[in-house]
Each structure stands twice: as structure tokens, then as C-alpha cells.
Amino acid sequence: MKRTVLIISVLIIFFFESGTAEIEPLPGFPRTFVDHPYLGTGLGGIVLADLDSDHYQEIVFGCYNKIYVLKHDGSCYEGWPQTFGSYTPGQPSVGDIDGDGELEIAGSIIMPQPNASKLFVWNPDGSIIFYKEFPNNPHLPVFYDLDADNKCELLVCNYHESLLYIFDGNGENFDGWPREYHPIKGSPAIGDINNDNELEIIFISDPDSTNSLIQCVHIDGSNCDGFPYLITAPVGRAIAHSHSDGISLVDMDSDGYQELLFKYSFRTEDFAFINQKWILKHNGIPMTYWPITEDGDFNFAPVAADIIEGDGYEYAAGHYLGRKYLLYNSYGELLPGWPTFPPRGGPFT
């Protein structure tokens, strides 16, 4: 059976048909884009969404100082790209924030001036619904309908403000938000991890340079049982830490509850790295056999997928500087044939 596969390289985006003898781009591809002379493309990922209900998905992504929307034939969607005077990091998000049945697009813009970074929400035609200014760089925004009113709220973290914001379709603050935590890195995950028929918001905050808290809160901001969970750097080795830009929610052990997948890295005095790959259960207890700790450079946010049929979910992790990819089963065992070493590193999808 043929599948259409989307590939993103540093500067080129193209489609091809898998299952054929030769790889040939689809009409309108490849497309080449100009990157930043010092910062690179800023290309952190793409979103596929049918913005105009024509049964063809559009391609939404940010590159250098632009946010693009491409049609399935490679041409630019009307009203796009949006061009800015500075850098656009990561990938945009897509969701229906006002309940009109159309998908809106949200993206953040990094500006060099203080208090000038912005979060925009656009209609599909590129017109602005609202924007918000931030003192520093907001992380990737996340759409999710938190109150079941058929309108998505928009969640965004700002590390330097230590705030988690939730906005409604008019750009107003969601009831009880924003809330202040320790500095927050990355974007939140949303899901019902404890099967109480209520949504939880999960994210990582940093109380100091060698510790982090895995936060899991209810929509009203109260803590879930077992959280926050404290992760402490190895004594005597680590002087600083970092972690992934996201948390994956997957039922890794088939017990009917979603687990939290994330990575954690410590930097030593000699600038070496210690990596930990985590699976945390819904009640704040590490899953058996996890975390896995090893020396090495920092790694990308993990993802999980049922790659081997009938064997449950596998845990995929990537190392950026070492250009190494690893695949584990739920017992923390590295699968045969792994790791693999691609010529260029990049995050999993």
C-alpha cells in the first residue's frame, strides 16, 4: 500500500510516495526556504491541517522570520506567509479558538527588544484575531478545549516570567489564570491521566539550577495526587540542568492510565552531559525500570509509538550532538538494531 510521507530537511520540504522503486517529489515540491545567517532556519516542526475544508491538508510551519502556510501543491495559501522583523522559533499550532468551525493559527515571535516578543493568533486568511506581548520568549502555544464548550483555549508558558497563561478566543485570561510557578521550560501537555473524567495540565518547572518539578495540575490550578514530583541532579556531578521542550502522554504498560514521557539532562563542571530518560506514572511514581541514565550529550524530547506490531508501545529518544537515535521497549531494554546513527540529527515525530 502506498503512503504519502512528509519530510522536512533544514531548508527543503517535499513529499514523496513510499513503496515505489524511485523516490519522486509530488508536483510543486521540493520547496526551498532562506534561513537566518546566524541562527539557522528556526524550523522546529510542522502542522498539517485542512484550513478551508477542501479535503486537502495545508502545511503550516515557521522558518527564520516568516510563518508559512503551503497548499498541497506547494503554492502559498492566500494571506501567507506572515513576515516579521525578527526570529520565529519552533512550530505554530492550529485549533478552533472561537468555535466558528474554522481552524485558527497561533505562533510566537522572538524580538531582540525588551517586552517585544509576541504571541499571534490568526484567521486562516492571515488576519489577526489578537496578539499578546511578552517580556521574553513565549514557548510553543497549545490549543485545547479545557471546558468542553467547543472552543479551544490557548495555553502558553513564558520561562522568564514563571507564568503559565491560558487565553480564550477573545484573548482574555481564562478563569483563574495565569498562575505563577517556578520558571517553566517547554510547552504543557493536556490529558486525563488519572481517569477522573477531568483534564490535567502537565509541565516542567525549575525551582533552581539543579532541580526540576514535574507539575500536574487540575484546570483550577490545584495539584493532582502525587505531584509535583521532584527530580534532583546527581550529587557531586551536576552544576546545571536542562530538559526537553515537551512531555508525551502514552499508556506504556497497558494498564488503562497514561504515563508521562520526558527527558532530563545534567551538565557537569567539565561540560559533559548526563542524560535521563523518564517514564512517570499517573500517580507520580516512576515506572519500573525507569529512568534510564547514561553519560552523553543532550537529547530530544522522547515520543512513543507502536512500531513493532503486538508488542505495545516503544520509547524513542534522540541525541542531538551525537546524532544517535535509540528505541526501547517499555522494560527499558534497547531493541535489536539500535542505536542508529544518521548523518544529521533532528527531533522525532
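Scoring rules and cut-offs
Residues numbered from 1 in each chain as written. Predicted model: local features only at pLDDT ≥ 70, side-chain atom pairs only at ≥ 80, totals over all residues. Heavy atoms only, no water. Helix = DSSP H or I, 4+ residues; strand = E, 2+ residues; numbered from the N terminus. Buried < 20%, exposed > 50% of the residue type's maximum accessible area, 1.4 Å probe, protein only. Contact = heavy atoms within 4.5 Å. Areas by Shrake-Rupley, 256 points an atom, 1.4 Å probe, with all protein chains shown as cover. Disulfide = S-S within 2.5 Å. Pairing = 2+ DSSP bridges. pLDDT = per-residue confidence, 0-100. Salt bridge = Lys/Arg side-chain N within 4 Å of Asp/Glu carboxyl O. Phe/Tyr/Trp six-rings, centres within 6.5 Å; stacked < 30°, edge-to-face > 60°. Axes fitted to C-alpha atoms, helices over the stretch in contact; angles between N-to-C directions.

**Student:** Quick rundown of the overall build of the protein? Include the residues and the values.
**Tutor:** Per the secondary structure count, the protein includes zero helices and 27 strands. Burial statistics for the protein: of 349 residues in total, 47% are counted as buried. Nonlocal contacts in the protein, meaning residues at least 24 apart in sequence, comprise 42% of its contacts between residues at least 6 apart. Carbon and sulfur atoms form 50% of the exposed surface of the protein, whose accessible area is close to 16,600 Å².

**Student:** Quick one: what's the story with unusual backbone geometry, residue by residue and with numbers?
**Tutor:** The peptide bond linking phenylalanine 29 to proline 30 adopts the cis configuration, its omega dihedral lying at 5°. Position of proline 30 among the secondary structure elements: in the loop between β2 (12-18) and β3 (31-32). A cis geometry characterises the amide bond from phenylalanine 227 onward to proline 228, with omega recorded as 0°. Tracing the sequence through the fold places proline 228 in the loop between β18 (211-218) and β19 (229-232). Positive phi, normally seen in glycine, also occurs at serine 53, with a value near 55°. Examined against the element boundaries, serine 53 turns out to sit in the loop between β4 (46-49) and β5 (58-63). Here serine 53 falls in the exposed class, since its relative accessible area comes to 56%. A positive phi angle, near 60°, is found at serine 162, a position not held by glycine. In this fold, serine 162 is placed in the loop between β13 (153-158) and β14 (163-167). The class of serine 162 is buried, set by a relative accessible area of 10%.

**Student:** Go over the environment of proline 302, please, and point to the residues and values.
**Tutor:** As for its position among the elements, proline 302 is in the loop between β24 (292-295) and β25 (303-305). Taking relative accessible area as the criterion, proline 302 reaches 2% and is therefore assigned buried. Separated by 24 residues in sequence, proline 302 and leucine 326 place their C-alpha atoms 9.8 Å apart.

**Student:** Which residues make up the state of the cysteines, and what are the values?
**Tutor:** Applying the stated criterion across every chain, the model contains zero disulfides. As a non-bridged cysteine, cysteine 216 has cysteine 224 as the owner of its nearest cysteine sulfur, 3.5 Å distant.

**Student:** Outline the pairing of strand β16 (residues 184-191), supporting the account with residue identities and numerical values.
**Tutor:** Of all eight residues that make up β16, seven are buried, and the element is covered over most of its length. The pairing of β16 with strand β17 (residues 200-208) spans five bridges and is antiparallel. Bridge assignment links glycine 191 to a residue of β17, and that residue is glutamate 200.

**Student:** Just give me the short version of the confidence of the model for the protein, but keep the residues and values in it.
**Tutor:** Caution is warranted with low-pLDDT regions, since their predicted coordinates should not be read in detail. Summary statistics for the protein give a mean pLDDT of 82 and a share of 77% for residues scoring 70 or more. Across residues 1-18, where pLDDT falls below 50, the model places 54 contacts with residues more than four positions away in sequence or in other chains.

**Student:** Can you break down the pattern of salt bridges residue by residue, with the values?
**Tutor:** One pass over the full model with this rule turns up five salt bridges. Between aspartate 253 and lysine 281 there is a salt bridge, and its shortest N-O distance comes to 2.7 Å. Residue aspartate 253 is found in the loop between β21 (248-250) and β22 (259-268), and its partner lysine 281 is found in the loop between β23 (273-280) and β24; the two are separated by 28 residues along the sequence. Note on lysine 281: relative accessible area 16%, which makes it buried. A salt bridge links glutamate 259 to lysine 281; its shortest N-O distance comes to 3.2 Å. One end of the pair, glutamate 259, is in strand β22; the other, lysine 281, is in the loop between β23 and β24, with 22 residues separating them in the sequence. What makes glutamate 259 buried here is its relative accessible area of 0%. By sharing partners, the salt bridges in this structure join Asp253, Asp255, Glu259 and Lys281 into a single network.

**Student:** Can you tell me about the packing of aromatic side chains, naming the residues and giving the values?
**Tutor:** Describing an aromatic ring pair means giving the distance of the ring centres and the angle of the ring planes. Summed over the entire model, instances satisfying the criterion amount to 16 aromatic pairs. A ring pair is formed by tyrosine 181 and phenylalanine 203, whose centres lie 4.8 Å apart and whose planes are at 75°; its orientation type is edge-to-face. Of the two residues, tyrosine 181 sits in the loop between β15 (179-180) and β16 while phenylalanine 203 sits in strand β17, which places them 22 residues apart along the sequence. Neither tyrosine 181 nor phenylalanine 203 differs from the other in exposure class; each is buried. Here the aromatic residues Trp80, Phe84, Phe120, Trp122 and Tyr131 are joined through ring pairs into a cluster of three or more.

**Student:** Could you give an account of the sheet that holds strand β7 (residues 82-83), naming the residues involved and the relevant values?
**Tutor:** Read from one edge to the other, the open sheet built from four strands follows the order β4-β5-β6-β7, with strand pairing classed as antiparallel. The open sheet has two free edges, formed respectively by β4 and β7, since each of these has just one partner strand. Note that β4 and β5 share four bridges and pair antiparallel. By the bridge assignment for β5, leucine 48 is matched with isoleucine 59.

**Student:** Lay out the sheet that holds strand β9 (residues 104-109) with the relevant residues and their values.
**Tutor:** Read across the sheet, four strands follow the order β8-β9-β10-β11 without closing on themselves; strand pairing throughout is antiparallel. Looking along the sheet, the strands with just one partner apiece sit at the ends: β8 (93-95) and β11 (128-134). Going across the sheet, the axis of each strand differs from the next one's by a mean of 20°, ignoring polarity. With six bridges connecting them, strand β10 (residues 117-122) and β11 associate as antiparallel partners.

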